[in-house]
Amino acid sequence: MQIATARMSRCSLVNAGNAIKLGRSGPRRRRLMLLMWIMLSGSLCLMVDSQMKIPPETVQQWAVSFGKEMAALSNRYSGAKLLQKKYKDVEGVVKIEEVNGEELVKTFAEEMEEMLGRKMKSVKRLAEAAEDADLGHEYNETLEFDYFNSLLINTVDEEGNPTPLGGEFLLEKNEHFNKLPVNTWHSNIQVPTNVYNRDPDILNGVYMSEALNDVFIDNFQKDPTLTWQYFGSATGFFRLYPGIQWIPDENGVVTFDCRNRN
Ligand SMILES: *[C@@H]1O[C@H](CO)[C@@H](O)[C@H](O)[C@H]1NC(C)=O
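These numbers were taken from a predicted model, which means no experiment stands behind them.

*Asks:* Could you give an account of the site of the ligand, with specific residues and numbers?
*Replies:* Near the ligand, the surroundings consist of Asn140, Thr142, Leu143 and Glu144. For the ligand, an oxygen atom lies 2.4 Å from a polar atom in the side chain of Asn140. Here an oxygen atom of the ligand and a backbone polar atom of Glu144 are 3.3 Å apart. When the ligand is considered free in solution it has 360 Å² of accessible area, and contact with the protein chains removes 34% of it.

*Asks:* Describe in detail helix α3 (residues 101-135), supporting the description with residues and values.
*Replies:* Compared with the 51 Å implied by 1.5 Å per residue over 35 residues, the 50 Å span of α3 between its first and last C-alpha is a close match. Of the residues that open α3, the one with a side-chain oxygen 3.1 Å from the backbone nitrogen of Glu102 is Asn100.

*Asks:* Outline the pattern of salt bridges, supporting the account with residue identities and numerical values.
*Replies:* A complete count under the given rule lists 7 salt bridges for this structure. A salt bridge links Glu114 to Arg118, with the nearest nitrogen and oxygen atoms 3.7 Å apart. Of this pair, Glu114 and Arg118 both sit in helix α3, 4 residues apart, which is roughly one turn of the helix. For Glu114, a relative accessible area of 52% puts it in the exposed group.

*Asks:* Provide a residue-level description of the environment of Ile217, including the pertinent values.
*Replies:* One can find Ile217 in helix α5 (residues 212-222). Spatially, the C-alpha atom of Ile217 lies 8.2 Å from that of His186, the residues being 31 residues apart in sequence. Apart from the residues within four sequence positions on either side, Ile217 is in contact with Thr184, Trp185 and Tyr241.

Parameters and conventions
- Residues numbered from 1 in each chain as written.
- Predicted model: local features only at pLDDT ≥ 70, side-chain atom pairs only at ≥ 80, totals over all residues.
- Heavy atoms only, no water.
- Near = heavy atom within 4 Å.
- Polar contact = N/O pair within 3.5 Å; in protein donor to acceptor, adjacent residues only side chain to side chain.
- Areas by Shrake-Rupley, 256 points an atom, 1.4 Å probe, with all protein chains shown as cover.
- Helix = DSSP H or I, 4+ residues; strand = E, 2+ residues; numbered from the N terminus.
- Expected span 1.5 Å × (residues − 1).
- Salt bridge = Lys/Arg side-chain N within 4 Å of Asp/Glu carboxyl O.
- Buried < 20%, exposed > 50% of the residue type's maximum accessible area, 1.4 Å probe, protein only.
- Contact = heavy atoms within 4.5 Å.

By themselves, these figures tell us nothing about what the structure is for.
Okay, structure coming up:
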């Protein structure tokens, strides 16, 4: 399953798995390249710049692991094994009817199209909101602005005071999001350790992308099958909806950088 759109632009896309990525390069600020994804499920998200040469073995590996994942998923959710077993129990009683395969495929295709169409609409709404917000935002070199940093939320310093860029951020376990504690009213921001989290570029980008919060919520209400919605900026921050607590690695380092595929 794969969809991709590109508006106006040099920002290209290839993707594996089921992420959607959207890019554009604004006439005003070239460095503000925006990437966006909406995940159809909580599985892998890979971004690849098309300029990059991907070794065929890597692609092969993705294909194999994606195939395995799909097979496991369909085994798990289609109940095929259970059906086979049940069928044995009732074999004598049931009557078999032929189905119109073509008709079935058509219906399935229509449903897929509708489902993907909804995702596309969600991405478009996000892209438009991001563009509007960007246009309406005047870059401010000295901007001061506190945001919820997903690494720092709900943490305190040695004196027990909330960490700057942290603060109280409500999280509730949610079945729909891999049973992770999430906040479906607020997105929050992830910044890799090697990027200064108060860099003017980051602050301006985070500030202007606050407008996406309402769109995330609205998208989720319009299409409850949506899971993670992301907004990644070329400046290095990652706005993630729903908001979560980011767990650093064992060295306390956050290596995930939405500009790379890792
Ligand atoms: C830039 O941000 C600072 C701090 O938030 C504020 O005092 C100043 O008025 C802003 N400048 C402009 C031009 O908006």
